[in-house]
Amino acid sequence: MHSSEPRDEGVRGKDMKAAILGYGTVGSGVASVLENNSDVVAKSAGEQISVKYILDLREFPGDPNEDKVVHDIQVILDDPEVETVVETMGGVEPAFTFVSRALTSGRNVATSNKELVAKHGAELMELAAAHKVNFFFEASVGGGIPVLRAVEESLTADHIQKISGILNGTTNYMLTKMKNEGASYDQVLRQAQENGYAERDPAADVEGYDACRKIAILTSMVCGKQVDFEDIPTEGITKLTGVDFAYAKAMKGDIKLLGSSFMTEDGVFARVAPEIISDQSPLYSVNDVYNAVMFTGDMLGDVMLYGKGAGSLPTASAVVSDVIQTARNRGKTVPAAWKKDRLALADSRDFCCRFLVRIKGEPGSDLQELKKALGGAKLLRPEGMDGEYGLVTGPMKAGELEEVCSGIEGFISRMYIKD
């Protein structure tokens, strides 16, 4: 591995020079925003910001930026003019190695890489502080929605008690289609892939892994400690059918894949799962590829941030806002509340809420006993539903529910109800 000398603060051109690592959807969007909105960027940053290098393994013949493409990170690290590195490669490696080297050599870094931030965010912020630069990652959670800046700057007078978000546009698009068109999971997945919303391998989205990393980042920011995404119980949408939506409709609600965390006296709980939400919830109207995050504070109450959570230009806009912040904070590190100390999450089995329990067959003589065991549950049978019935439980611990359901003959599934 090459070594790089720290950048000489005295060597600067007439504007801030940036380098982009990865010229894919987001990286090309960053170049486009910096070029097309250069006047707005300059006014906000107090100086012009231009791209000097683009690191990629590929060539881009005919692209307006083809002359800026390099294939070796060392070219960027050896150039003292480069002050800020934009990482839009995705994945953990080689992104982590490249970002670490950039910070160590005295460059700021702005990234949209949720995998990198979820795994190494606190470590990279500590490294940035040690070298008097900044590591910013606004675009890693809400795409174009300024979620993290709200946590850092606008919600600081409150104790945040709850975070609940629609954090993945692909799955929200799919669930919207399933609800509105009665389409099956397989049908809407094909549509999402045809429209470019879902990858050929959609696991990161549909299994909930993407939302899991994002709620881990948000929870880490709010709590100030490292929340490992591997510790968060995660369920995707692959098992949902039209029957689930029929139950949600009967409850005057909808189903959304939510990433949630709860700061309680018993500890911090976090999860990712499909949940039934009421038509009275602000999240009810968040459809298609849109995302939204709700925070509940002890003084403020509920506040929701809404917008496009993905896409080239919305995400690139958030990245460029971070690049602007590096210009505004030249020579100083913005304090970070997120430390490397690990936060052990509370046992999800101890979390108390309501559930919808689906049971095969007809209600039997044990119905009243079953209702009592499920916290005073109420019977729910959507119109035209044959061959099964539902029970809406009272508030009960997830572990207790699991024990009761293990003894129910004909148990089909259970789903969280967001209260």
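### Side note on the confidence of the model for the protein
Considering every residue of the protein, the mean pLDDT works out to 93; 97% of them sit at 70 or more. Scored below 50 in pLDDT, residues 9–13 shows 6 contacts in the model against residues more than four places distant or in partner chains.

### Re the pairing of strand S7 (residues 160–166)
The element S7 is extensively covered by neighbouring structure, given that 5 of its 7 residues are classed as buried. In terms of strand pairing, S7 meets strand S10 (residues 290–297) through 6 bridges, oriented antiparallel. Within S10, the residue paired with Ile160 across the bridge is Gly297. With 4 bridges connecting them, S7 and strand S8 (residues 253–264) associate as antiparallel partners. Bridge assignment links Ser164 to a residue of S8, and that residue is Ser260.

### Remarks on the pattern of salt bridges
Enumeration over the complete set of coordinates arrives at 25 salt bridges. Linking Asp244 and Arg358 is a salt bridge whose minimum nitrogen-to-oxygen distance equals 2.9 Å. Of this pair, Asp244 sits in helix H12 (residues 242–250) while Arg358 is found in strand S12 (residues 352–360), placing the two residues 114 residues apart along the sequence. The class for Asp244 is buried, based on a relative accessible area of 5%.

### Observations concerning the packing of helix H2 (residues 38–45) against helix H13 (residues 312–328)
The interhelical angle for the contact between H2 and H13, taken along N-to-C directions, is 35°, at an axis separation of 9 Å. Judged by the sense of rotation from one axis to the other, the crossing of H2 with H13 is right-handed. Seen from H2, the contacting residues are Val41, Ser44 and Ala45; seen from H13, they are Val320, Ile324, Ala327 and Arg328. For the contact of H2 with H13, a count of residues per class yields 5 nonpolar, 1 polar and 1 charged.

### Let's talk about the packing of aromatic side chains
According to the stated counting rule, one finds 8 aromatic pairs in the structure shown. Chaining the aromatic ring pairs together yields one cluster made of Phe135, Phe137 and Trp338. Above the plane of the ring of Phe229 lies Arg213, whose end atom (NZ or CZ) is 5.0 Å from the centre.

### Quick notes on the environment of Leu189
The topology assignment puts Leu189 in helix H9 (residues 185–194). Between the C-alpha atom of Leu189 and that of Leu343, which follows or precedes it by 154 residues, the distance is 35 Å. Apart from residues lying up to four places away in sequence, Leu189 is in contact with Met174, Ala198, Pro202 and Val206.

### A short note on the nonpolar core
Within soluble globular proteins, side chains that are nonpolar generally end up buried alongside one another. Ranked by size, the top nonpolar core spans 81 residues in total, and within it Ile76, Phe135 and Leu218 carry the most contacts. In this structure, Leu218 is in contact with Val141, Val147, Leu148, Val151, Ile163, Leu167, Val293 and Phe295, ignoring residues within four places of it in sequence.

### Looking at the packing of helix H5 (residues 114–130) against helix H11 (residues 209–223)
Two elements in contact, H5 and H11, have axes separated by 9 Å at closest approach and are oriented at 45°. Classified by the angle their axes make, H5 and H11 are oblique. The handedness of the crossing between H5 and H11 comes out as left-handed. Every residue of H11 that contacts H5 at Lys114, Glu115, Val117 and Ala118 is listed here: Asp210, Arg213, Lys214 and Ile217. Looking at the contact of H5 with H11 residue by residue, the classes come out as 3 nonpolar, no polar and 5 charged.

Calculation notes
- Residues numbered from 1 in each chain as written.
- Predicted model: local features only at pLDDT ≥ 70, side-chain atom pairs only at ≥ 80, totals over all residues.
- Heavy atoms only, no water.
- pLDDT = per-residue confidence, 0-100.
- Contact = heavy atoms within 4.5 Å.
- Buried < 20%, exposed > 50% of the residue type's maximum accessible area, 1.4 Å probe, protein only.
- Helix = DSSP H or I, 4+ residues; strand = E, 2+ residues; numbered from the N terminus.
- Pairing = 2+ DSSP bridges.
- Salt bridge = Lys/Arg side-chain N within 4 Å of Asp/Glu carboxyl O.
- Axes fitted to C-alpha atoms, helices over the stretch in contact; angles between N-to-C directions.
- Left-handed = near helix turned anticlockwise from the far one by under 90°.
- Nonpolar A, V, L, I, M, F, W, Y, C, P; charged D, E, K, R; others polar.
- Phe/Tyr/Trp six-rings, centres within 6.5 Å; stacked < 30°, edge-to-face > 60°.
- Lys NZ or Arg CZ within 6 Å of the ring centre and 35° of its normal.
- Core = buried A, V, L, I, M, F, W, Y, C linked by side-chain atoms within 4.5 Å.
- Parallel < 35°, antiparallel > 145°, perpendicular 65-115°, else oblique.

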